[in-house]
Amino acid sequence: DSGVTQTPKHLITATGQRVTLRCSPRSGDLSVYWYQQSLDQGLQFLIQYYNGEERAKGNILERFSAQQFPDLHSELNLSSLELGDSALYFCASRSSNSPLHFGNGTRLTVT
Amino acid sequence: DQQVKQNSPSLSVQEGRISILNCDYTNSMFDYFLWYKKYPAEGPTFLISISSIKDKNEDGRFTVFLNKSAKHLSLHIVPSQPGDSAVYFCAADSTVGSNYKLTFGKGTLLTVNP
């Protein structure tokens, strides 16, 4: 158990809809990262938050947004969903001098 | 533009033998490298890392080798066990600057046969 909790585990929705993925980081970790893993792709970095502030952006679409709340949990919002957004979305957290610890992911299926 | 490449999508080895997983990178700014292991329905878990100031790092049955001039690293598992069967991801980072942002390869599926 990595200590990173992601909900829900599975999400099935239709094109055009909006969904919210939730992540609770390991206790004490201030940094939260979001990654996307599409079919046959590696983990693509989306965005990083540190103690509530956005720190870095990767290949995140404008239809996607994220935030980190005062209690350090984070949400990834995906809107105007397309079939190609179907993927595994991983959240990870870390503290200084530690590697990333990943949650078990949310599998999003857009139909 | 894939900066971290794992050219073998899969690898099959016999239990007790050595497993060698390879990874190439193109970004000269990368100076910290990690291997993650992933079982189905779970998130990746950290396995071992190496800094560019070293060329080898060992942790039990796992050894990572780094060849900076070739921009190549490899993970050796000796002896391989059936429980090692998983997808292995190579990841790289540039520690210049304050952000820690890993770039991952696509992964190699290792199957260890009893």
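An account of the accompanying structure is given in this report. Quick caveat: nothing in here was measured; it's all calculated off a predicted structure. (Residues numbered from 1 in each chain as written. Chains lettered and ligands numbered in written order. Predicted model: local features only at pLDDT ≥ 70, side-chain atom pairs only at ≥ 80, totals over all residues. Heavy atoms only, no water.)

All right, on to the overall build of chain B then. A tally of regular secondary structure across chain B gives 0 helices and 11 strands. Starting at the N terminus and walking to the C terminus, you meet the elements of chain B as β-β-β-β-β-β-β-β-β-β-β. In terms of its C-alpha atoms, chain B occupies a principal-axis envelope of roughly 45 × 30 × 20 Å. Burial status across chain B gives 43% buried among its 114 residues. (Helix = DSSP H or I, 4+ residues; strand = E, 2+ residues; numbered from the N terminus. Buried < 20%, exposed > 50% of the residue type's maximum accessible area, 1.4 Å probe, protein only.)

Turning to the interface of chain B and chain A, a few remarks are in order. Listed as interface residues are 16 residues of chain B and, on the opposing side, 19 residues of chain A. Interface area, chain B with chain A, both sides summed: about 1,500 Å², of which 59% is carbon and sulfur. For the interface between chain B and chain A, the tally reads 3 residue pairs in polar contact (both at pLDDT 80 or more). Class assignment of the residues belonging to the side of chain B that touches chain A gives a composition of 9 nonpolar, 3 polar and 4 charged. (Contact = heavy atoms within 4.5 Å. Buried area = accessible area lost by both parts, 1.4 Å probe. Polar contact = N/O pair within 3.5 Å; in protein donor to acceptor, adjacent residues only side chain to side chain. Nonpolar A, V, L, I, M, F, W, Y, C, P; charged D, E, K, R; others polar.)

Next up on the list: the state of the cysteines. Overall, the coordinates contain 2 disulfides over all chains when judged by the stated rule. Two residues share a disulfide in this structure: Cys23 of chain A and Cys91 of chain A, whose sulfurs sit 1.8 Å from each other. Classification of the bridge connecting Cys23 of chain A and Cys91 of chain A rests on its S-S torsion, roughly -55 degrees, and on that basis the disulfide is left-handed. Here the residue Cys23 of chain A occupies a position in strand S3 (residues 19-24), and Cys91 of chain A occupies one in strand S9 (residues 87-94), the gap between them amounting to 68 residues. For Cys91 of chain A, a relative accessible area of 0% corresponds to the buried category. At a sulfur-sulfur separation of 2.0 Å, the disulfide partner of Cys23 of chain B is Cys90 of chain B. (Disulfide = S-S within 2.5 Å.)

Residues and elements named next belong to chain A. In the structure shown here, the tally under the stated rule is 5 salt bridges over all chains. Residues Arg26 and Asp29 are paired through a salt bridge, measuring 2.8 Å at the closest nitrogen-oxygen approach. According to the relative accessible area criterion, Asp29 is buried, its value standing at 2%. Of the charged contacts in the structure, one is a salt bridge between Glu82 and Arg63, with a shortest N-O distance of 3.7 Å. Here Glu82, found in the loop between strand S8 (74-78) and S9, pairs with Arg63, found in the loop between strand S6 (53-57) and strand S7 (64-68); they are 19 residues apart in sequence, far enough to count as distant. (Salt bridge = Lys/Arg side-chain N within 4 Å of Asp/Glu carboxyl O.)

What follows deals with unusual backbone geometry. Note the cis peptide between Thr7 of chain A and Pro8 of chain A, where omega equals -10 degrees. As for its placement among the helices and strands, Pro8 of chain A is situated in the loop between strand S1 (5-7) and strand S2 (10-13). In this model, Val78 of chain B is joined to Pro79 of chain B through a cis peptide bond whose omega is -10 degrees. You can see Pro79 of chain B is positioned in the loop between strand S8 (72-77) and strand S9 (86-93). Here Asn51 of chain A, not a glycine, exhibits a phi torsion of approximately 50 degrees, which is positive. On the accessibility criterion, Asn51 of chain A (45% relative accessible area) is partly exposed. Here Leu72 of chain A, not a glycine, exhibits a phi torsion of approximately 80 degrees, which is positive. Its place among the elements puts Leu72 of chain A in the loop between S7 and S8.

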